[in-house]
Amino acid sequence: MKFFLDTANLKEIREGASLGIVDGVTTNPSLVAKEGRSLEEVAREICDLVDGPISLEVISIESKEMIEEARRLARLHKNVVVKLPMIREGVKALKVLSGEGIRVNMTLIFSPSQALIAAKNGAYIVSPFVGRLDDISSEGMNLISDILKIYDNYGFNTQILVASIRHPVHVVQAARLGAHIATMPYSVLEQLLKHPLTDIGLEKFLADWQKRKELLPK
Ligand code: G3P
C-alpha cells in the first residue's frame, strides 16, 4: 500500500520523507491556501522533496479552462498528477487530458457511480473521501469496497486513493480492503507508527540495563 501525505506544508513533507515511507503527496486548494504561497512555488519544492506522484488541483470549473490549467500544471514536473473535481465539466476535461497522456486524479468522489465514470474516461487515480462521508453518518469505507469490486469486475487500472482520512483506523481499514493508496495528514502518519506499549517496553528495557552498568562496554 502506498502512503501519500495530504498536505502542502513543506516542513511536514520533509519530516515524513525522512521516515522513508512517503510515496507521494496530495494537495487541494484549501491546503495550498493555508500556506499563503502560490501553487507553482509550493509544487516545485514538494517535487524536490518527494520522488513520487504529486497531485495538484485545478481551480477552474469550465472544461476548456480546466484543460489549459491542467496542461500548465502537468508541465511543472514529470511527477505532477492533475486533480480535477468530479463534476460534469471535469468528466469532459478528463477524457481530453487522459487522451493526451496526462495523469489525472479525479477528486471529490462520493459514490461508486462517480468512480465508475472516472475510470471509464481513463482516470489514473480516483479520490473517494471517506471522512466526509463518515461525518454525515454514511459509512465511508463501504464506498471503498464498492469501488474495488467494480474495478475488479471490469479490470480497470485506475488506482483507488483513499482520501479524507482522519485517523489510523481508516488507514488500516483501507489496507484490509486492498486500496492502492491512502493519503493522510502528517498527524495520522505519526500516529500510525506509535504504540504506547512500544514506549513502555523500551523504557523498561533501558531502565533494566542501566541497573547493570558494569555490563556496559568499557
Ligand atoms: O485532499 C482531499 C481530502 O483528503 C481532504 O480531506 O479532511 O478535508 O475531508 P478532509
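Higher on the page you've got the structure.
Before going into details, it helps to say that this report is about the structure given with it.

Calculation rules
Residues numbered from 1 in each chain as written. Predicted model: local features only at pLDDT ≥ 70, side-chain atom pairs only at ≥ 80, totals over all residues. Heavy atoms only, no water. Helix = DSSP H or I, 4+ residues; strand = E, 2+ residues; numbered from the N terminus. Near = heavy atom within 4 Å. Polar contact = N/O pair within 3.5 Å; in protein donor to acceptor, adjacent residues only side chain to side chain. Areas by Shrake-Rupley, 256 points an atom, 1.4 Å probe, with all protein chains shown as cover. Nonpolar A, V, L, I, M, F, W, Y, C, P; charged D, E, K, R; others polar. Salt bridge = Lys/Arg side-chain N within 4 Å of Asp/Glu carboxyl O. Buried < 20%, exposed > 50% of the residue type's maximum accessible area, 1.4 Å probe, protein only. Arc of directions from axis to C-beta. Contact = heavy atoms within 4.5 Å.

1. Observations concerning the environment of Lys-83
Step number 1: The residue Lys-83 is located in strand β4 (residues 80–85) in this model.
Step number 2: Separated by 60 residues in the primary sequence, Lys-83 and Asp-23 have C-alpha atoms spaced 17 Å apart.

2. Section: the site of the ligand
Step number 1: Around the ligand, the neighbouring residues are Asp-6, Asn-28, Lys-83, Phe-129, Arg-132, Ala-163, Ser-164 and Arg-166.
Step number 2: A distance of 3.0 Å is found between an oxygen atom of the ligand and a side-chain nitrogen or oxygen belonging to Asn-28.
Step number 3: Here Arg-166 contributes a side-chain N or O atom positioned 2.8 Å from an oxygen atom of the ligand.
Step number 4: Isolated, the ligand exposes 310 Å² of accessible area, and the fraction of that covered by the protein chains is 82%.
Step number 5: Residue composition of the shell around the ligand, by class: two nonpolar, two polar and four charged.

3. A word on the pattern of salt bridges
Step number 1: For the structure shown, the criterion picks out 11 salt bridges.
Step number 2: A salt bridge links Lys-92 to Glu-89, with the shortest nitrogen-to-oxygen separation between them at 2.9 Å. Remark: Glu-89 and Lys-92 occur in helix α5 (residues 88–99); sequence separation between them is three residues, near one turn of the helix.
Step number 3: Through salt bridges with shared partners, a single ionic network connects Arg-37, Glu-41 and Glu-45.

4. Quick word on helix α9 (residues 168–177)
Because an α-helix packs 3.6 residues into every turn, residues spaced three or four apart end up facing the same way.
Step number 1: Turning to α9, its buried residues are His-170, Val-171 and Ala-174. The arc that holds every buried residue of α9, seen down its axis, measures 100°, which confines them to one face.
Step number 2: Looking at the buried positions of α9, the neighbouring elements they touch are β1 (2–6), α7 (130–135), α8 (140–154), β7 (159–162), β8 (181–184) and α10 (186–193).
Step number 3: One or two steps after α9, the chain reaches Gly-178, where phi turns positive at roughly 95°.

5. Things to note about the environment of Leu-148
Step number 1: You can see Leu-148 is positioned in helix α8.
Step number 2: With 10 residues separating them in the primary sequence, Leu-148 and Thr-158 have C-alpha atoms 10.0 Å apart.
Step number 3: In this view, Leu-148 contacts Ile-160, Leu-177, Gly-178 and Ala-179; residues no more than four positions away in its chain are not counted.

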